[in-house]
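Observations on the model geometry
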Amino acid sequence: MDVRISNVGKEFERFPALHGVSLDIASGELIALLGPSGSGKTTLLRLIAGLEIPTEGTIFFGDEDASRRTVQERNVGFVFQHYALFRHMTVAENIGFGLKVRPRATRPPKSEIRRRASELLDLVQLSGLEDRFPNQLSGGQRQRVALARALAIEPRVLLLDEPFGALDAQVRKELRRWLRDIHDKTGHTTVFVTHDQEEALELADRVVVMSQGRIEQVGEPDEVYDRPNSPFVFGFVGPASILPVTVEDGEVLLQDRPIGIPAGELPTGTAILAFRPHDVEVVESGEPAIVGTVVASRRIGGVREVELEAGGGRERLEIEIPVDHPATARSRVAFRPKRWRLYGDRPS
Amino acid sequence: MPSSANPLAAPRMRDPTTEGPLTRRVLLGIALIFLALVLLLPLVAVFAEALRNGIGTALLAVTDRDTLAAIRLTLLVAAISVPLNLVFGVAAAWAIAKFEFRGKAFLITLIDLPFSVSPVIAGLVYVLLFGASSVLGPYLSAQGFHVLFAVPGVVLATIFVTFPFVARELIPLMQAQGTGDEEAALSLGADGWQTFWHVTLPNIRWALLYGVLLCNARAMGEFGAVSVVSGRLRGETVTMPLQIEILYNEYSFVAAFAVASLLALLALVTLVLKSLLEWHYGHELAASNGRR
């Protein structure tokens, strides 16, 4: 089922949470909504589910205007961050709930519900736990049951709200791969919300980066990571050093000195330079480069992370250099980004 | 460094977060003596006085015609007011815990009103509303429906006094539980009623039972408010607490205490059930906390 979100806006008590968001989700796609808290990603997910009503705009499931449908009619599978399992029901009863509450005409017989529950437990690799209660399961197991419960109703769209947010790092990683497997097996159109860029980039077919109620960028993980279209996206999808610079005659200047980076087609004026800390090379002084004073440095595994003050001392930068590099002992380091993005002032 | 800083050399250390044995004993002693004097002793006295002339006399006093009528009325009043307050309590707690609306704080305050107001005033309010000099009273009487000095008045006063028990018990629990489970049920296709019946109600069942228990104990034991509106028509509008007072004022001490021990028994049963529930419900609460 493809989902089309057209100009959707949402206000809570006059507080705007989402501004005219449009997004097309192809059938069978696995989409990540990525953003900091307050970016509107969860609101967007709940709007798709029908747990919130949009203030403006339309949501289509296929050709059908779903925004006029109730949450029950939309037939979506929703997985909550805190699982929301029914604690007085067994695992099997939880999974069968969506089938049990169907109107008599479409409700499968009890034995069939039980069989479906066992089948889904197999799918989420929890066979044999049918008669346990949720509080007898670990967090990771609970979230698997929650997913099985959502899948039981054969949803048209599967929606997950920070599904791994309440789990510890090890389990998170494991469940990530597992979710990808399940998705590839079942082929549901899936949208999940996360604030963890690693999760989004690893798991999703496409990543939707959101900020302050707007979509900043939509793209495949590589595209979003390698070609972020704004300093915000650059900073959000990975480690970043961001530095205000000026552009003059096709050259990038920091404090009126060229730093050895061409400005391309950017017009003269202010701009923002962004690069990844690991995409730098240390250069000998004298060459055009960014020069910074070392403020702090720490060794992390095979590299040394150096914090620098550059550009008049107001801007903190981070670069990574090999631990055996002589520059690690210096108090001033000159370097040039090997790869970078340059953002001109956006006409707003 | 002084050698006394060495923990091995230090004398026996007690747990720094508890008191010494002497302090503990004194505190415990004060509490126990106080409880014995103020609670246990009177309770024992009630039963002792009731059984002073043997169990036969006590039974005879309890099976007296007027007393039986009082017991029946008490049960009837509880049977009407407790279910009503149950429904009201669930509805109010639901509204307060799960929705945002204007006047929510006011509603919470209103629910607490019967707790903060003297029961006598609760009774007087109904006298003002339905008395001979009110607007409603004479009209209803003309229709042949008597509120004051009749069973409806007793029921109304009891409902007023026992209003907050169920709601008060449910509101904090429902607020803590949030709306996640309900949203999950809705997203799985359940309608509002199914969600309430299969998800919300089981989640609050122990707290609900607990509230009903307290509500019932109070409904059967209420004296002040009922005393104002009842008019004390023997065999008609006299509940157990009123009957006890009447018997006592007539110097039928054994009879008074026999009925009183019935009420005291009710209190004891309530306490036992309450402890059982707390044990169970605490367990469930811990489980639900572990979930979040």
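Residues numbered from 1 in each chain as written. Chains lettered and ligands numbered in written order. Predicted model: local features only at pLDDT ≥ 70, side-chain atom pairs only at ≥ 80, totals over all residues.

A separate point is the interface of chain B and chain A. With 18 residues of chain B at the interface, the matching set in chain A holds 20 residues. Of the residues forming the side of chain B that touches chain A, the biggest block, six residues, is contributed by helix α9 (residues 180-187) of chain B. The class makeup of the residues in the side of chain B that touches chain A is seven nonpolar, six polar and five charged. (Contact = placed C-beta atoms within 7 Å. Helix = DSSP H or I, 4+ residues; strand = E, 2+ residues; numbered from the N terminus. Nonpolar A, V, L, I, M, F, W, Y, C, P; charged D, E, K, R; others polar.)

Our next topic: the packing of helix α3 (residues 91-100) of chain A against helix α4 (residues 110-123) of chain A. Residue and element names in this part refer to chain A. At a minimum axis distance of 9 Å, the contact between α3 and α4 shows a crossing angle of 125°. Taken together, the axis directions place α3 and α4 in an arrangement best described as oblique. In the packing of α3 onto α4, the handedness of the crossing is right-handed. Contact with α3, carried on its side by Ala92, Ile95, Gly96, Leu99 and Lys100, involves Ile113, Arg114, Arg116, Ala117, Leu120 and Leu121 of α4 and no other residues of that element. Residues of the contact of α3 with α4, tallied by class, amount to seven nonpolar, one polar and three charged. (Axes fitted to C-alpha atoms, helices over the stretch in contact; angles between N-to-C directions. Parallel < 35°, antiparallel > 145°, perpendicular 65-115°, else oblique. Left-handed = near helix turned anticlockwise from the far one by under 90°.)

Now for the nonpolar core. Ranked by internal contacts, the top residues of the largest apolar core, which has 105 residues, are Ala32, Leu33, Ile48, Leu159 and Val208 of chain A. Of all the elements, helix α5 (residues 139-152) of chain A adds the most residues to this core, at seven residues. If we ignore the near neighbours within four places in the chain, the residues touching Ile48 of chain A are Val3, Ile59, Val157, Leu159 and Val191 of chain A. Leu148, Ile204, Leu208 and Met240 of chain B belong to the second-largest nonpolar core, a separate cluster that totals 58 residues. (Core = buried A, V, L, I, M, F, W, Y, C linked by C-beta atoms within 7 Å. Buried ≥ 20, exposed ≤ 12 C-beta atoms within 10 Å, placed from the backbone.)

Before going further, it helps to spend a moment on the confidence of the model for chain B. Residues and elements named next belong to chain B. When the pLDDT values of chain B are averaged, the result is 87; 91% of them are 70 or greater. Considering each helix and strand of chain B separately, the mean pLDDT is smallest for helix α13 (residues 253-291), with a value of 78, and largest for α9, with 94. Confidence over residues 287-292 falls short of pLDDT 50; this stretch has nine contacts with residues more than four positions distant or in other chains. Of the two predicted TM-score estimates for the complex, the pTM is 0.81 and the ipTM is 0.85. (pLDDT = per-residue confidence, 0-100.)

Quick look at the sheet that holds strand β11 (residues 241-248) of chain A now. All names here are of chain A. In spatial order, the strands read β13-β12-β11-β14-β20; together these five strands make up an open sheet with antiparallel pairing. Looking at which strands have only one partner, the edges of the open sheet turn out to be β13 (257-262) and β20 (341-344). Shown here is a sheet whose adjacent strand axes are inclined to one another by a mean of 40°, direction ignored. With three bridges connecting them, strand β12 (residues 251-254) and β13 associate as antiparallel partners. Looking at the pairing, Glu251 lines up with Pro262 of β13. (Pairing = 2+ DSSP bridges.)

What follows concerns the sheet that holds strand β10 (residues 214-219) of chain A. Residue and element names in this part refer to chain A. Within the open sheet, the six strands sit side by side as β6-β7-β8-β3-β9-β10. Their pairing is mixed. The sheet is open, and its two borders are formed by β6 (76-79) and β10, each paired with just one other strand. Adjacent strand axes in the sheet meet at a mean angle of 15°, parallel and antiparallel pairs treated alike. Pairing between strand β9 (residues 206-211) and β10: five bridges, direction antiparallel. Within β10, the position partnered with Val207 by the bridge is Gly219. The strands touched by helix α1 (residues 41-49) within the sheet are β3 (30-34), β6, β7 (157-161), β8 (189-194) and β9, with β7 carrying the most contacts at an inclination of about 150°.

Residue and element names in this part refer to chain A. Of the strand pairs in this sheet, strand β16 (residues 290-300) and strand β17 (residues 303-310) are connected by seven bridges, and their pairing is antiparallel. Its bridge partner lying in β17, Thr293 is registered against Glu309. Hairpin geometry of β16 and β17 is characterised by an intervening segment of two residues between the two adjacent antiparallel strands and by a positive phi of about 60° at Gly301. In this structure, β17 lies alongside strand β18 (residues 315-322), joined through eight bridges in antiparallel fashion. Looking at the pairing, Ala310 lines up with Glu315 of β18.

Another point: the pairing of strand β4 (residues 56-61) of chain A. Residue and element names in this part refer to chain A. Pairing of strand β1 (residues 3-12) with β4 involves five bridges; the strand directions are antiparallel. Each bridged residue has a counterpart across the sheet, and for Gly9 the counterpart in β4 is Glu56. Here β4 runs beside strand β5 (residues 64-65); their pairing, made up of two bridges, is antiparallel. Opposite Phe61, over in β5, you have Glu64 as the bridge partner. Between the end of β4 and the start of β5, which pair antiparallel, lie two residues, with Gly62 showing a positive phi angle near 65°.

Here we come to unusual backbone geometry. Of note, Gln255 of chain A is a non-glycine position whose phi angle comes to about 50°, a positive value. Checked against the element boundaries, Gln255 of chain A lands in the loop between β12 and β13. Classification of Gln255 of chain A as exposed rests on a count of 12 C-beta atoms within 10 Å. Phi at Arg232 of chain B is positive, roughly 50°, even though this residue is not glycine. Here Arg232 of chain B lies in the loop between α11 (224-230) and α12 (240-249).

Residue and element names in this part refer to chain B. The residue Glu100 is located in the loop between α3 (65-98) and α4 (104-116) in this model. Residue class for Glu100 comes out exposed when judged on the 7 C-beta atoms lying within 10 Å of it. For the pair Glu100 and Glu19, spaced 81 residues apart in sequence, the C-alpha to C-alpha distance is 46 Å.

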